[in-house]
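Here are the chains, one letter per residue:
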Amino acid sequence: QHKDAYQAILDGVKGGAKEKRLAAQFIPKFFKHFPDLADSAINAQLDLCEDEDVSIRRQAIKELPQFATGDNLPRVADILTQLLQSDDSAEFNLVNNALLSIFKMDAKGTLGGLFSQILQGEDIVRERAIKFLSTKLKTLPEDVMTKEVEEFILTESKKVLEDVTGEEFVLFMKILSGLKSLQTVSGRQQLVELVAEQADLEQTFNPSDPDCVDRLLQCTRQAVPLFSKNVHSTKFVTYFCEHVLPNLSSLTTPVEGLDIQLEVLKLLAEMSSFCGDMEKLESNLKKLFDKLLEYMPLPPEEAENGENAGNEEPKLQFSYVECLLYSFHQLGRKLPDFLTAKLDAEKLKDFKIRLQYFARGLQVYIRQLRLALQGKTGEALKTEENKIKVVALKITNNINVLIKDLFHIPPSYKSTVTLSWKPVQKADASQKRASEDTTSSSPPKKASAGPKRDARQIYNPPSGKYSSNLGSFSYEQRGGFRGGRGRGWGGRGNRSRGRIY
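As the structure is a prediction and not an experimental result, all values here were calculated from the model.

1. Topic: the overall build of the protein chain
A tally of helices and strands in the protein chain yields 22 helices and two strands. Looking at the protein chain as shown, the accessible area adds up to about 23600 Å², and 49% of this sits on carbon and sulfur atoms.

What follows is the structure, encoded as structure tokens:
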């Protein structure tokens, strides 16, 4: 009954602007009454979604959710996902709203359409579908984002992660780490395993291949926030000690202006706190120790063969030493007799001389920094120069605390410090006061105004005489994808992608 009349409405899509406008409203309105004409109706509405007249397109898109019934829903989701490529902002917003409304009808069906396009759609559609998931999923209520729906997202995401660019990988980690079911210890463990797989920690590390280095760093950055006392970083720390540290000086990066060596050492330091039982602990501690020695110079008069001869003081690389010393201190806790039982007496004596020399230099800089910051509060501490000095004071204080620990007989590993680029935790406040290494309360309070993770600076103090500008600093942007976007790996498109449903 009335089938001919409905067919006439469908034919209206071939008419003029008025007929098309009426068709855009009436096709969805009576759609449910004519199941035999469902395919024709959806195709007719799709024609209107691609009309040259923007107002007709918008009307047609707005009504699309009315077609999302039963088996038609994944198809409508697929269509809407393709329409995300629209450059008209009003149209784009309508598509987003339509997708969200069908999400609330059937989340899995909608995700089926989205993932179908992510796996085999055009690049622009893939990119926008991933962005849709990364921004909109977290806005959906719990009755929509059920455990079953989250499991479906994880399963489908794993398929996509077989072949992604770097930027896509970061977005997928954002999507997955936001899922409620992955907030547990076992959930975070799953995510760490996903990242380890992506980092390909079984492969041979090639320090001269910028993409290989970039991939490792990007993956490690995604893993760092997931580590805890229950989710261990052992696999990553082992890889860094065995493969990256020995090649530190030959690392290359595609990111301009990035101090790649400092970046690696900072990541290692952050991970070292959560390292579990390590198979080759002694040999990895030795690699860490050897690398630390490279940045702990002998006093000029102690140097052999005229090295550092003359009046020139060796340069003290405080930023590097903070990271290496912290990592050594963390792993050293697991083998507290490393310095006394695993090193010969000569090596230990040499290390103590280096520590002593470094500690002397430290005291000079700490005094100068405190003097420079004395009495400064509020706005005065926000100047670029003073922000750098505050961070420099945190670095030097940290090294001082750690060196004091290693001077104990036998060496102690009990002190705790907060890495200079991390926000100060209240638990550390009492420890810092006890160490007598903090200045008056104002600079540490303001320390958070110092460089954030994405604008770190290397503190490289002047040798010998104090200079007011505290040496040279190289500014470093954190992040290959966020800095140099779209660094791909795995060459998207090399693998075949199959439709999900």
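Still to come is the rest of the account.
2. Structural notes on the side chain of glutamate 150
Counting through the fold element by element, glutamate 150 comes out in helix α9 (residues 147-160). It turns out glutamate 150 is buried and unbridged, and the closest side chain with the opposite charge, lysine 180, is 7.7 Å from it. A distance of 2.6 Å separates a polar atom in the side chain of glutamate 150 from a polar atom in the side chain of serine 181. With sequence-adjacent residues up to four places away left out, glutamate 150 is seen in contact with Met145, Leu179, Lys180 and Ser181.

3. Some thoughts on the nonpolar core
Burial of nonpolar side chains together is a common tendency in soluble globular proteins. Ile27, Leu80, Phe236 and Leu339 are the most contacted members of the largest nonpolar core, which totals 143 residues. Ranked by residues supplied to this core, first place goes to helix α16 (residues 318-332) with nine residues. The contact partners of isoleucine 27, leaving out residues within four places of it in the chain, are Tyr6, Ile9, Leu10, Val13, Ala41, Ala44, Gln45, Leu48 and Phe67. Counting residues in each nonpolar core, the second largest holds seven residues, with Ile366, Leu373, Ala392 and Leu393 among its members.

4. Describing the side chain of threonine 110
Secondary-structure assignment places threonine 110 in helix α7 (residues 107-120). Judged by its relative accessible area of 0%, threonine 110 is buried. From its side chain, threonine 110 meets the backbone oxygen of aspartate 106 in a polar contact 2.8 Å long. Those residues in contact with threonine 110 that lie beyond four places of it in its chain are Leu73, Ala77, Leu99, Ile102 and Phe103.

5. Quick word on helix α15 (residues 281-294)
Between its terminal C-alpha atoms α15 stretches 20 Å, which fits the 20 Å expected from 14 residues at 1.5 Å a residue. For α15, the set of buried residues is Leu281, Asn284, Leu285, Leu288, Phe289, Lys291, Leu292 and Leu293. Contacts made by the buried residues of α15 are with α13 (234-244), α14 (260-272), α16, α17 (338-342) and α18 (345-373).

6. Observations regarding the packing of helix α2 (residues 17-30) against helix α4 (residues 54-63)
Interhelical geometry of α2 versus α4 gives an angle of 5° and a closest axis separation of 9 Å. As far as their axial angle goes, α4 and α2 are roughly parallel. Of the residues in α4, those touching α2 at Ala17, Lys20, Arg21, Ala24, Gln25 and Pro28 are Ser55, Ile56, Gln59, Ala60 and Glu63.

7. A look at the pattern of salt bridges
According to the stated counting rule, one finds 21 salt bridges in the structure shown. In this structure, aspartate 36 and lysine 3 form a salt bridge, with 3.9 Å as the shortest nitrogen-oxygen distance. Of the two residues, aspartate 36 sits in the loop between α2 and α3 (38-49) while lysine 3 sits in helix α1 (residues 3-11), which places them 33 residues apart along the sequence. The class for aspartate 36 is exposed, based on a relative accessible area of 65%. Across the salt bridge formed by lysine 147 and glutamate 151, the nearest N and O atoms sit 3.0 Å from each other. Placement of both lysine 147 and glutamate 151 in helix α9 is noted, with a separation of four residues, approximately one turn of the helix.

8. Things to note about the confidence of the model for the protein chain
Reading fine detail from the predicted coordinates is not recommended where pLDDT is low. Mean pLDDT over the protein chain: 83, with 82% of residues reaching 70 or higher. Confidence drops under a pLDDT of 50 for residues 490-501, and excluding neighbours within four residues, the segment shows 34 contacts in the predicted structure.

9. Digging into the environment of leucine 80
Within the secondary structure layout, leucine 80 lies in helix α5 (residues 72-83). Considering only alpha carbons, one finds leucine 80 and leucine 46, 34 residues apart in sequence, at a separation of 9.8 Å. Leaving out residues up to four positions away in the same chain, leucine 80 has contacts with Ile61, Leu64, Val95, Ala98, Leu99 and Ile102.

10. Side note on unusual backbone geometry
In most cases, non-glycine residues show a negative phi, while peptide bonds are predominantly trans. That bond from isoleucine 409 to proline 410 is cis: its omega, -10°, falls within 30 degrees of zero. Mapped onto the elements of the fold, proline 410 is located in the loop between α19 (384-407) and α20 (426-434). Although it is not a glycine, aspartate 200 sits at a positive phi angle of roughly 55°. Considering the arrangement of structural elements, one finds aspartate 200 in the loop between α11 (185-199) and α12 (210-223).

11. Considering the environment of proline 28
Mapped onto the fold, proline 28 is located in helix α2. Between the C-alpha atom of proline 28 and that of isoleucine 42, which follows or precedes it by 14 residues, the distance is 8.6 Å. Residues contacting proline 28, with those up to four places away along its chain left out, are Ala23, Gln45, Glu63, Gln66 and Phe67.

12. Some remarks on α3
In this model, α3 (twelve residues) spans 16 Å end to end at C-alpha, consistent with the 16 Å of a helix rising 1.5 Å per residue. Listed in full, the buried residues belonging to α3 are Ala38, Ala41, Ile42, Ala44, Gln45, Leu48 and Cys49. Along α3, the residues classed as buried sweep out an arc of 160° about the axis, all on the same side. The inward-facing, buried residues of α3 abut α1, α2, α4 and α5.

13. Focus: the packing of aromatic side chains
Each aromatic ring pair is described using two quantities: the centre-to-centre distance and the angle formed by the ring planes. Within the structure shown, the criterion is met by 14 aromatic pairs. Look at phenylalanine 227 and phenylalanine 236: their rings are 5.8 Å apart centre to centre, the planes differ by 65°, and that puts the pair in the edge-to-face class. Residues phenylalanine 227 and phenylalanine 236 agree in their burial class; the two are buried. Considering the side-chain rings of tyrosine 295 and tyrosine 320, the 5.0 Å spacing of their centres and the 35° angle between planes classify their relative orientation as tilted. Of this pair, tyrosine 295 sits in the loop between α15 and α16 while tyrosine 320 sits in helix α16; the two residues are 25 residues apart in sequence, bridging distant segments of the chain. Considered together, tyrosine 295 and tyrosine 320 belong to a single accessibility category, that of buried residues. By way of ring pairs, the aromatic residues Phe289, Phe328, Phe338 and Phe351 are connected into one cluster.

Cut-offs and rules
Residues numbered from 1 in each chain as written. Predicted model: local features only at pLDDT ≥ 70, side-chain atom pairs only at ≥ 80, totals over all residues. Heavy atoms only, no water. Helix = DSSP H or I, 4+ residues; strand = E, 2+ residues; numbered from the N terminus. Areas by Shrake-Rupley, 256 points an atom, 1.4 Å probe, with all protein chains shown as cover. Buried < 20%, exposed > 50% of the residue type's maximum accessible area, 1.4 Å probe, protein only. Lys, Arg positive; Asp, Glu negative; His and termini not counted. Salt bridge = Lys/Arg side-chain N within 4 Å of Asp/Glu carboxyl O. Polar contact = N/O pair within 3.5 Å; in protein donor to acceptor, adjacent residues only side chain to side chain. Contact = heavy atoms within 4.5 Å. Core = buried A, V, L, I, M, F, W, Y, C linked by side-chain atoms within 4.5 Å. Expected span 1.5 Å × (residues − 1). Axes fitted to C-alpha atoms, helices over the stretch in contact; angles between N-to-C directions. Parallel < 35°, antiparallel > 145°, perpendicular 65-115°, else oblique. pLDDT = per-residue confidence, 0-100. Arc of directions from axis to C-beta. Phe/Tyr/Trp six-rings, centres within 6.5 Å; stacked < 30°, edge-to-face > 60°.

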